[in-house]
Amino acid sequence: MAYEKLLSDYKNALATQDWNKVAPLIHQDACFIFSEGTYLGKAAIEAAVTKTFDLIKSEHYLIKNLVWIYVSELCATCTYEFNWSGLIDGVSEQGSGRGTTVIVNDSGEWVIIHEHLGPSAN
């Protein structure tokens, strides 16, 4: 399934910590919500993502318990849990949370239009 491949490609692109590999997978008008803010449009998302790349070195990002909650010819939505680990100022750090990603088929190309990452449920 193309939407599943896109999510896998996205995870792999993030692992490179290279925005040029991530950018083609994100819709121009996407909205990303992280714990520190909401980012509208690809330029704002680039700033947020590259800030994270600069902060966390050698990051390892794992998605688990992935559930596709809606799939059609034009849209796919999933929820998941995530874990990350990496070096911040040379010190090993780690975290976890849950996320929702919405992928759309934009003129035959699957791209991420929305991502919301937040804390784990209590």
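Above this note sits the structure.
Every value quoted in this text rests on a predicted model; they were computed, and no experiment measured them.

Caption draft 1: Spatial organisation of the nonpolar core. Judged by nonpolar contacts, the single largest core of 31 residues is most densely connected at Tyr10, Trp19, Val22, Ile26, Phe32, Ile45 and Ile103. Of all the secondary structure elements, the ones that give two or more residues to this core are helix H1 (2-16), helix H2 (19-22), strand S1 (26-34), helix H3 (42-55), strand S3 (56-71), strand S4 (75-88) and strand S6 (109-118). Residues in contact with Ile45, not counting those within four places in the same chain, are Trp19, Ile26, Ala30, Cys31, Phe32 and Tyr39.

Caption draft 2: Fine view of the environment of Val67. For Val67, the location among the structural elements is in strand S3. Take Val67: its relative accessible area is 43%, and that puts it in the partly exposed class. C-alpha separation for the pair Val67 and Thr77, spaced 10 residues apart in sequence, amounts to 8.5 Å. Excluding its chain neighbours within four sequence positions, the residues that come into contact with Val67 are Thr77, Cys78 and Thr79.

Caption draft 3: Region of interest: the environment of Val49. For Val49, the position within the fold is in helix H3. Aside from chain neighbours lying at most four places away, what touches Val49 is Leu14 and Trp19.

Caption draft 4: Region of the structure containing the environment of Tyr80. Of note, Tyr80 is situated in strand S4. Take Tyr80: its relative accessible area is 3%, and that puts it in the buried class. As for Tyr80 and Pro24, which are separated by 56 residues in sequence, their C-alpha atoms are 22 Å apart.

The rules we used
- Residues numbered from 1 in each chain as written.
- Predicted model: local features only at pLDDT ≥ 70, side-chain atom pairs only at ≥ 80, totals over all residues.
- Heavy atoms only, no water.
- Core = buried A, V, L, I, M, F, W, Y, C linked by side-chain atoms within 4.5 Å.
- Buried < 20%, exposed > 50% of the residue type's maximum accessible area, 1.4 Å probe, protein only.
- Helix = DSSP H or I, 4+ residues; strand = E, 2+ residues; numbered from the N terminus.
- Contact = heavy atoms within 4.5 Å.

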